[in-house]
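# Architecture and fold: a report
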Amino acid sequence: MIAQDLRVSVRSVERWRRAWREGGMAALRSAGPANVPTVTDAQFAVLEEELGKGPVAHGFDANGGPWSGFRR
């Protein structure tokens with residue numbers, strides 16, 4: 001079964017088949033991402049900066065364990 005081989009739903013395969021039947025190969029081309037990224041460039045820059053500080057700066061154990069605040 002195609003859906004099983006591609007690990008998608010049968011409904012997806014049916015949609016693709018209908019699109020192909022009605023519009024040919026052009027109808028199967030990707031229309032791009034389904035949504036716009038929710039993180040702005042400014043937010044992403046802040047995220048990169050925070051990640052650059054490393055795990056210890058954000059409460060993680062230096063050895064990669066869980067948050068040090070939970071250890072007593």
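Predicted, not measured: the structure shown is a model, and the values here were computed from it. (Residues numbered from 1 in each chain as written. Predicted model: local features only at pLDDT ≥ 70, side-chain atom pairs only at ≥ 80, totals over all residues. Heavy atoms only, no water.)

## Focus: the overall build of the protein
When helices and strands are counted, the protein shows 3 helices and 0 strands. Taken from N to C terminus, the helices and strands of the protein fall in the order α-α-α. Within the protein, the fraction of its 72 residues that count as buried is 8%. Of the roughly 6800 Å² of accessible surface on the protein, a fraction of 58% belongs to carbon and sulfur atoms. (Helix = DSSP H or I, 4+ residues; strand = E, 2+ residues; numbered from the N terminus. Buried < 20%, exposed > 50% of the residue type's maximum accessible area, 1.4 Å probe, protein only. Areas by Shrake-Rupley, 256 points an atom, 1.4 Å probe, with all protein chains shown as cover.)

## Describing the environment of valine 13
With respect to the helices and strands, valine 13 occurs in helix α2 (residues 10–23). Distance in space between the C-alpha atoms of valine 13 and alanine 3 is 6.1 Å, their sequence separation being 10 residues. Residues contacting valine 13, with those up to four places away along its chain left out, are Ile2, Ala3 and Val8. (Contact = heavy atoms within 4.5 Å.)

## Considering the confidence of the model for the protein
Chain-level pLDDT for the protein is 86 on average; 88% of the residues reach the 70-or-more range. Across the protein, the element-wise mean pLDDT spans from 93 in helix α1 (residues 2–6) up to 96 in α2. (pLDDT = per-residue confidence, 0-100.)

## Some details on the side chain of serine 12
You can see serine 12 is positioned in helix α2. The buried category is assigned to serine 12, whose relative accessible area is 12%. At 3.1 Å, the side chain of serine 12 and the side chain of arginine 15 are in polar contact. (Polar contact = N/O pair within 3.5 Å; in protein donor to acceptor, adjacent residues only side chain to side chain.)

## Let's talk about a nonpolar patch on the surface
On the surface, Ile2, Leu6, Trp16, Trp20, Met25 and Leu28 cluster together to form a nonpolar patch covering roughly 660 Å² of accessible area. Topologically, isoleucine 2 is positioned in helix α1. (Patch = residues over 30% accessible without salt bridge, like charges linked within 9 Å, V, L, I, M, F, W, Y side chains within 5 Å. Salt bridge = Lys/Arg side-chain N within 4 Å of Asp/Glu carboxyl O.)

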